[in-house]
There are 2 protein chains.
Amino acid sequence: MQVTKNRNPNMNQNMRMTRQRRVILEELKKLDSHPNAEEIYEAVRESLPRISLGTVYRNLEVLSELGKIQKLEMGGTQKRFDWDTRKHYHIRCINCDRVDNAPLGFMKNVEQALYGATDFTITDHRLEFLGLCPLCMEKAIERDSLGKTAGKVA
Amino acid sequence: MQVTKNRNPNMNQNMRMTRQRRVILEELKKLDSHPNAEEIYEAVRESLPRISLGTVYRNLEVLSELGKIQKLEMGGTQKRFDWDTRKHYHIRCINCDRVDNAPLGFMKNVEQALYGATDFTITDHRLEFLGLCPLCMEKAIERDSLGKTAGKVA
DNA sequence: GTACATGCAAAGTCTTTGCCGCCGG
DNA sequence: CCGGCGGCAAAGACTTTGCATGTAC
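Rules used in this analysis
- Per-chain numbering applies: the sequence of each chain, read as written, is numbered from 1 onward.
- Starting at A for chains and at 1 for ligands, labels are handed out in the order in which the entities are written.
- The model is predicted, so local features are restricted to residues of pLDDT at least 70 and side-chain atom pairs to those at 80 or more, both for listing and for counting; the totals for chains, interfaces and linings are taken over all residues.
- Heavy atoms from the whole structure form the basis of all side-chain values; hydrogens and water molecules are not counted.
- A pair is scored as a salt bridge if a Lys or Arg side-chain nitrogen falls within 4 Å of a carboxyl oxygen belonging to Asp or Glu.
- Secondary structure elements are taken from DSSP: a helix is a run of H or I of four residues or more, a strand is a run of E of two residues or more, and numbering for both begins at the N terminus.
- Buried, partly exposed and exposed residues are distinguished by accessible area as a fraction of the type maximum, computed with a 1.4 Å probe on protein chains only: under 20%, between the cut-offs, and over 50%, respectively.
- Should any heavy atoms of two residues lie within 4.5 Å, those residues are counted as being in contact.
- Simply put, the buried area is the total loss of 1.4 Å probe accessible area from both parts when two parts are fitted together.
- Pairing of N or O atoms within 3.5 Å defines a polar contact, subject to two protein rules: one partner must be a possible hydrogen donor and the other a possible acceptor, and residues neighboring in sequence count only if both atoms are side-chain atoms.
- Lys, Arg, Asp and Glu make up the charged group, whereas Ala, Val, Leu, Ile, Met, Phe, Trp, Tyr, Cys and Pro make up the nonpolar group; the residues left over, Gly among them, are polar.
- Strands were regarded as paired on the criterion that DSSP finds at least two bridges between them.
- The superposition of copies rests on a least-squares fit of C-alpha positions from residues with pLDDT of 70 or more in both.

Asker: Lay out the pattern of salt bridges in plain terms, naming residues and giving numbers.
Answerer: Inspection of every chain in the model, using the stated rule, returns 22 salt bridges over all chains. For Glu128 of chain A, the salt bridge is made with Arg126 of chain B, and the minimal N-O distance between the two is 3.7 Å. Of this pair, Glu128 of chain A sits in strand β5 (residues 121–132) while Arg126 of chain B sits in strand β5 (residues 121–132), placing the two residues on different chains. Given the relative accessible area of 24%, Arg126 of chain B is considered partly exposed. Salt-bridge contacts for Glu61 of chain B lead to Lys71 of chain B; the nearest nitrogen and oxygen are separated by 3.0 Å. With Glu61 of chain B in helix α3 (residues 53–65) and Lys71 of chain B in strand β1 (residues 70–72), the pair connects residues that are 10 residues apart, well separated along the chain. Three or more residues are tied together by salt bridges with common partners; here these are Glu73 and Arg126 of chain A together with Arg80, Arg92, Asp97 and Glu128 of chain B.

Asker: Go over the interface of chain B and chain A with me, naming the residues and quoting the values.
Answerer: Counting from both sides, the interface comprises 51 residues of chain B and, opposite them, 51 residues of chain A. Taken together, the two surfaces of chain B and chain A that pack against each other cover about 4,400 Å², and 62% of this comes from carbon and sulfur. Across the contact surface, chain B and chain A share four salt bridges. Here Glu73 of chain B and Arg92 of chain A are joined by a salt bridge, their closest N and O atoms 3.9 Å apart. Our count for the contact surface shared by chain B and chain A stands at eight residue pairs in polar contact (both at pLDDT 80 or more). Its residues placed into classes, the side of chain B that touches chain A shows 25 nonpolar, 14 polar and 12 charged. Note that β5 of chain A and β5 of chain B share 11 bridges and pair antiparallel. Looking at the pairing, Leu127 of chain A lines up with Leu127 of chain B of β5 of chain B.

Asker: Outline the relation of the copies chain B and chain A, supporting the account with residue identities and numerical values.
Answerer: Mapping chain B onto chain A is achieved by rotating through 180 degrees and translating by 0.0 Å along the same axis, at an RMSD of 0.1 Å. Considering both components of the superposition, the chain copies are consistent with a two-fold axis. No C-alpha of chain B lies nearer the rotation axis than that of Leu127 of chain B, which sits 2.2 Å from it. The fraction of interface residues of chain B whose copies in chain A are also interface residues reaches 100%, indicating that both copies meet through the same surface.

Limitation: the analysis is restricted to geometry and does not speak to function.
Here you go:
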């Protein structure tokens, strides 16, 4: 069961900005995409070849708990990370899993629609669009024109 | 990478409704919640003690590919399943992970807001509300009144 | 020194898969 | 027979964690 983990209530707000953490943060901003831990690991390894994947996971967790980055729990199985901590929505390619920001303003009022209609205390919401990215769309068209119609796009 | 899996384009639309599949379907409807595979497994085991978890996973996959049930990819790590195949939204308790339907009609038009603003071909969207279920809310209040303020609600 | 970080490997969680025997048409 | 199906265990993908060592104040 994955609960919002706030295990360490006394976590130091001024945690040490170690070299590893700084590089992770830099790479995340540089990538300007929505990478998963593995991708960040690969990027960081170029400047810190001896960093471990465990450290990357640990620090992504720390950084997101302190609000320096945002952890995205998308529909898929992997968590992704976003340097942009503002609330916003995403689009995910159902074929290649690429994630972009959705060009749609954050809907501040949707949650109000549930007031009185549910006994949950709503605190947040998450909206994710699904579709095909331009590249996969193109491949899908090519493929369809060849008469093949099902399964993952090549 | 989890892509919408449609691996078997020739899957028989009239798959055999075996005893295992029937019981899985029945239990899912009976539960009327949004159980994960493990919970379904436990429920099904009462009538079919020798069923395996692998079979449950396989059949949930088959049933959802044939549109008999809906596979939910919520924010968390586990997939959940819903007997109601109509498009609708959910609320998830951030403390105990309970999932309810959200009392909000499906927004047929949100996707249109992206037309022209993205080069993705949007095909779907998913909206999930987060909050505390009544039980966890109550516990949180009790706990807060004792002066403890952080971490997972007991 | 002390407290927190890191590297490494092991373990954990959830899900998928290979194999083989079984069952129904 | 044949093809799909189920049980079982092993493997896979992703993430967390225990432990000894390092490092910064």
